[in-house]
Amino acid sequence: MDPVEVLLAGASESPHFAETRLPFVRTIIEQRAACSNVPAILSSAVELYPHQLRAVLQVLRDPIQRYLLADEVGLGKTIEAGIIARQILLDSPDAAITFIVPDSLRRQWQDELRTKFFIDDFPKAKIRIVAHESPLRWRGEHALDLVVVDEAHHLVANDTSTEMRRTLAEVCHASRRLLLLSATPALHHEQAMLGLLHLLDPAVYRLGDLEGFTARVRARHELASAFYALDPTFPEFVPLHLETIRSAFPADPRLGSLLDDANEAADHESEGLPQALDRLRAYVNETYRLHRRVIRHRRDRVLAAEGCGPGSPRFEVKGRRDPELLEIIDPHGDAAEELLERWRQSVRDHLVEVAADDETWAAYAWTHAVLMERCRDLAGGLAAAVAFRLGDDDTCRLVSLDRHETRLLRRAPALTADEELRRGLSVLAISDKPDKTLSRIAEAIGSLCRRHRRILVFAGTTATGRAVADALTQCRPSPVTVRHLAEEDPSEVERRIEAWIAGNAQVLICDRDGEEGRNFQAADAVVHLQLPWSVNRFEQRLGRVDRHGEGAPAAQYVVAPAGDESTMGAWLALLRDGFAAFTESLSMLQYAVDVVAPTLFLQLLQRGSQALIEGTGWIANTLKQRRKEIAAEDILEATFASDGDRDALLARLDDVEARWKTVERTVDNLVCEAQGSLQLARETDSRDRAVRRYRLGKKVLLPTYLLAQSLPGSWDSPGCFNRTAALRRPGTRVLRLGSPTVDTLWGWAQQDDRGQASAWWRLVPKLNGEHVCLGFEYIVDGDIDLVRDRFPDLPAAALQRRLDGWFVPFTHRVWLDPWTANHVDRELQPFLEVAYEPARGDHNLNPDRFPVLISLLGGPRAFRDAVLRAREAGQSRLRTVRHLEQRAAEADAAAALDLDRENQQRTARTLAAVHLGGEEDGAVAGLAEALRQACREPRVRLVAVSCVVLSNRPFAGAARELGVDAH
């Protein structure tokens, strides 16, 4: 309904309605501007970090929402995917979304989607969380709006079945949107990366072109090395590397200009050389990525970055520390390790005697590595692994072997040494049971409970986990212990983990099921009863604790023999000093670790533990070199360049979050506090006043049809206005735009006409005569209708988000003199800003009193002419006071800059086919001009009009003088 027509009809209502509705409208537009029209950012129960928000905005502003989220481990790919999924549900509440995740992580995904992203807010949505291991369930019954694949590299790996890969491709290609989550870098992972890019864009990234794709990746790495070598402290070498870059992209004029600038700065040894090289790196990074829809953030850059603003936290991780040795007297383990050492020597001697080939040596080296991990197992793990190797399939489950290990154990034919090892372990099991060792370990963990609040124990095998848990019950005092072990009820496991995180249990014992994907950063101590033979698996284990969070790194304890004379002692030393696994993340070095492993384990088989000791320096140097290669690769692939509009958006977000009390007060006034409220009731718990919900009051001022349209659990959902308070209460909503409560209130405010028009009389004794003032409240934003009318098939929500990034929406009230249609005199402004208050002499010009206003303006016709004249002038005055033309021009310039840059990048990428494949870029003829027009010609919407008469006489006297019978 047009507010001006309501006013002209004399249907104005109490100004109290306007004074509760308009502040709410303003805060809604402020929140929309702060989140670039992505309310899922505000309404998700997560901390807001710049790198995650940039990723979310890049995806949701893109008409083609098919992305690989390739952040390093622990940087929040799940958070990014969760926000994007929530926004899609906000845009389309009946959307169909499928999450394909490792089976061990299904419950965790389900819990996070419910408690952080509140998928239960959308009862009409078709949301499925299915396991990697269940490909028959991937398709579902509905056309999919979004597919999210976690740990996607596992499903495109060589050892994944052809049928499974084919099914995944069909599901991903059929979905409107796709998010792949994987931290796999491209260099040296070409097969996996090609498989991932094929899921994004099958026409360009064909699986049969692995050789060509590998050649492009390697050529790009040589180019990246030239960038990495650009060092402003040695300007004399810069021109040489610049020429290497120029020869790779001779047809890119923008790149040529940046190269010229850098060359000139180097020639003159200018102070501006670092800035020139930074501009060059940023341009190449954005233009020549392997695929434009790959988003990858590096851990070091994220940790060095500031938060969204002064009031927002920086992204932090718990970090790592060197381990302490728990020296446990373990004669059973010593004897088992000695038996395995005899097996190693016997196998080595046999292979030398028969002059075995390299493949045979490698097969036995892998077998030895798998057995090594279990040689000190407390529940017969080594004996079970040997039995499986000799053909006993039933022992596979007992020893916690994965699919890869089962192949390794049976890859090499059994020898006499295997039978001798089995017999020796059988004798050992009878003569020396590990019961005393279990008791000693339980006592050691019990003593750690006096120093630490939450202890995480990695037992290795399920059987050892059970044995240690039972032994802990015999300790006095016995710490409260819970288990996360295979073959136990998943819901019960989750309940135990929640109890441990909440501090209701002190010890959490995990087998291999707890080593991947879990968030255990609440631990302040970790105990390793076994050290995996797989370094990458050990990295996954450490990554459960070295995750986003505050506080000191968790203490690390390892149960192993002292010194490096034994194999396990030497393995610990290599993990600590060669791989530096306890102090540095190896998540981006998976390939380097895989490359050195065959040589390492071959040397171990041939020379014993001495090979591990002597390999420390070689391993450290190899990983150091690989880190340099990754740093060079990231010149082209990592996401690090910031965008001006997104930096400004982060500042607006920080401001909205800092002013949460203003949002709280505005909502409370609209709902129940102010006189013009909806007269709902607020409900809080006396024990926790931060959480509130709203319910029906005795006399709700809402049309029945609006209440009937609202879904149960929408407007009355509990939540907190303070984000920090919400995050401290898992599963509690943040009451912002995008939450059911605020969105429902916003819907009501747009449909309920109360507060759209108001008029009142204000007594101001020191004025001369009457001053009639008309206030027009506007919302101004980029005109999406201009784009939608021309391109009805394009996703309007994504385009509106782009517009909001260029033309930031805002509200403004213009006060005009209806006689002159000019701004009211400046000295009158303070009287107009004071809230309506009858106790101070203000009078609502309701329908009975409205004739006074009409008479004051010279009668009905003069009144109508004056109001319409002021309305016509209102937009013009708005354009002047808020410099609307300048804002529109700046938005158009920003849009032109971005769109022109994107066009240049498309052209440059097309010309650079030797380094890149083509890709679907979403370019639509005429779209850029339509978006710019929407910025140049912003939409101005009138949402409310107010008429205030400032007078030096009381209302009753004025009414009598005007001859109006007003009560």
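Here is what the cut-offs are and how they apply
- Residues numbered from 1 in each chain as written.
- Predicted model: local features only at pLDDT ≥ 70, side-chain atom pairs only at ≥ 80, totals over all residues.
- Heavy atoms only, no water.
- Helix = DSSP H or I, 4+ residues; strand = E, 2+ residues; numbered from the N terminus.
- Buried < 20%, exposed > 50% of the residue type's maximum accessible area, 1.4 Å probe, protein only.
- Areas by Shrake-Rupley, 256 points an atom, 1.4 Å probe, with all protein chains shown as cover.
- Lys, Arg positive; Asp, Glu negative; His and termini not counted.
- Charge placed at Lys NZ, Arg CZ, Asp CG, Glu CD.
- Salt bridge = Lys/Arg side-chain N within 4 Å of Asp/Glu carboxyl O.
- Contact = heavy atoms within 4.5 Å.
- Core = buried A, V, L, I, M, F, W, Y, C linked by side-chain atoms within 4.5 Å.
- UniProt positions renumbered as here; feature names shortened; annotations may be inferred.
- Pairing = 2+ DSSP bridges.
- Axes fitted to C-alpha atoms, helices over the stretch in contact; angles between N-to-C directions.
- Phe/Tyr/Trp six-rings, centres within 6.5 Å; stacked < 30°, edge-to-face > 60°.
- Lys NZ or Arg CZ within 6 Å of the ring centre and 35° of its normal.

- As annotated in an unreviewed UniProt entry, the protein is ATP-dependent helicase HepA from Micromonospora purpureochromogenes.

A word on the overall build of the protein
Right, on to step 1. Each helix and strand counted, the protein has 40 helices and 21 strands in total.
Right, on to step 2. A buried classification covers 57% of the 967 residues belonging to the protein.
Right, on to step 3. With an accessible surface of roughly 39700 Å², the protein has 50% of that area assigned to carbon and sulfur atoms.
Right, on to step 4. In the protein, which carries 123 positive and 142 negative side-chain charges, the distance between the mean positions of the two groups comes to 4 Å.

Quick word on the side chain of D150
Right, on to step 1. With respect to the helices and strands, D150 occurs in the loop between β4 (146-149) and α7 (162-174).
Right, on to step 2. Lacking a salt bridge, the buried D150 has K77 as its closest oppositely charged neighbour, with an N-O distance of 6.6 Å.
Right, on to step 3. Excluding its chain neighbours within four sequence positions, the residues that come into contact with D150 are I100, V101, P102, L105, W109, H132 and L181.

Let's talk about the nonpolar core
Right, on to step 1. With 70 residues, the main nonpolar core has F24, I41, F99, W109 and L179 as its most contacted residues.
Right, on to step 2. For this core, the element with the highest residue contribution is helix α5 (residues 77-91), accounting for seven residues.
Right, on to step 3. When near neighbours in sequence (up to four residues on either side) are disregarded, L179 contacts V59, Y67, L69, A81, I84, L146, V147, V148 and V149.

Focus on the pattern of salt bridges
Right, on to step 1. Scanning the entire structure with this criterion turns up 73 salt bridges.
Right, on to step 2. Between D804 and R32 there is a salt bridge, with its nearest N and O atoms 2.9 Å apart. Of this pair, D804 sits in helix α34 (residues 796-806) while R32 is found in helix α2 (residues 15-35), placing the two residues 772 residues apart along the sequence.
Right, on to step 3. Overall, the relative accessible area of 1% leaves D804 in the buried class.
Right, on to step 4. For R114, the salt bridge is made with D120, and the minimal N-O distance between the two is 3.7 Å.
Right, on to step 5. Here the salt bridges share partners, and the residues they tie into one network are E373, R374, D402, E405, R512, E515, R537 and R541.

Some thoughts on the side chain of Q530
Right, on to step 1. Within the fold, Q530 resides in the loop between β11 (525-528) and α23 (535-543).
Right, on to step 2. Using a relative accessible area of 4% as the deciding quantity, one classes Q530 as buried.

Considerations on the UniProt feature "domain: Helicase C-terminal" (unreviewed entry) in the protein
Right, on to step 1. UniProt annotation of "domain: Helicase C-terminal" (unreviewed entry) refers to residues 440-590 when read in the numbering used here.
Right, on to step 2. End C-alpha atoms of residues 440-590 are separated by 35 Å, and the span's content is 36% helix alongside 16% strand.

Observations concerning the sheet that holds strand β3 (residues 126-131)
Right, on to step 1. Taken in spatial order, the six strands of this open sheet run β3-β2-β4-β5-β1-β6, and their pairing is parallel. Strands at the two margins of the open sheet, each flanked by one partner only, are β3 and β6 (294-295).
Right, on to step 2. Relative to β4, strand β2 (residues 96-101) is paired through four bridges, and the arrangement is parallel. In the sheet register, I100 faces β4, and the bridge partner there is V149.
Right, on to step 3. On top of the sheet, α5 reaches β1 (66-69), β2, β3, β4 and β5 (178-181); it is set at about 165° to β5, its chief contact.
Right, on to step 4. With respect to the sheet, helix α6 (residues 106-115) is in contact with β2, β3, β4 and β5, its orientation differing from that of β3 by roughly 155°.

Let's talk about the packing of aromatic side chains
Right, on to step 1. A full pass over the atoms with the stated rule returns 16 aromatic pairs.
Right, on to step 2. On the numbers, 5.6 Å between centres and 85° between planes, the contact of F850 with F863 is edge-to-face. Residue F850 is found in helix α36 (residues 850-856), and its partner F863 is found in helix α37 (residues 860-881); the two are separated by 13 residues along the sequence.
Right, on to step 3. On the accessibility criterion, F850 (3% relative accessible area) is buried.
Right, on to step 4. Ring-pair connections join several aromatic residues into one group, and the members of that group are W366, W533, W571 and F601.
Right, on to step 5. We note R754 situated over the ring of F17; from NZ or CZ to the ring centre the distance is 5.8 Å.
Right, on to step 6. In this structure, R887 packs its charged tip against the face of F810, placed 4.2 Å from the ring centre.

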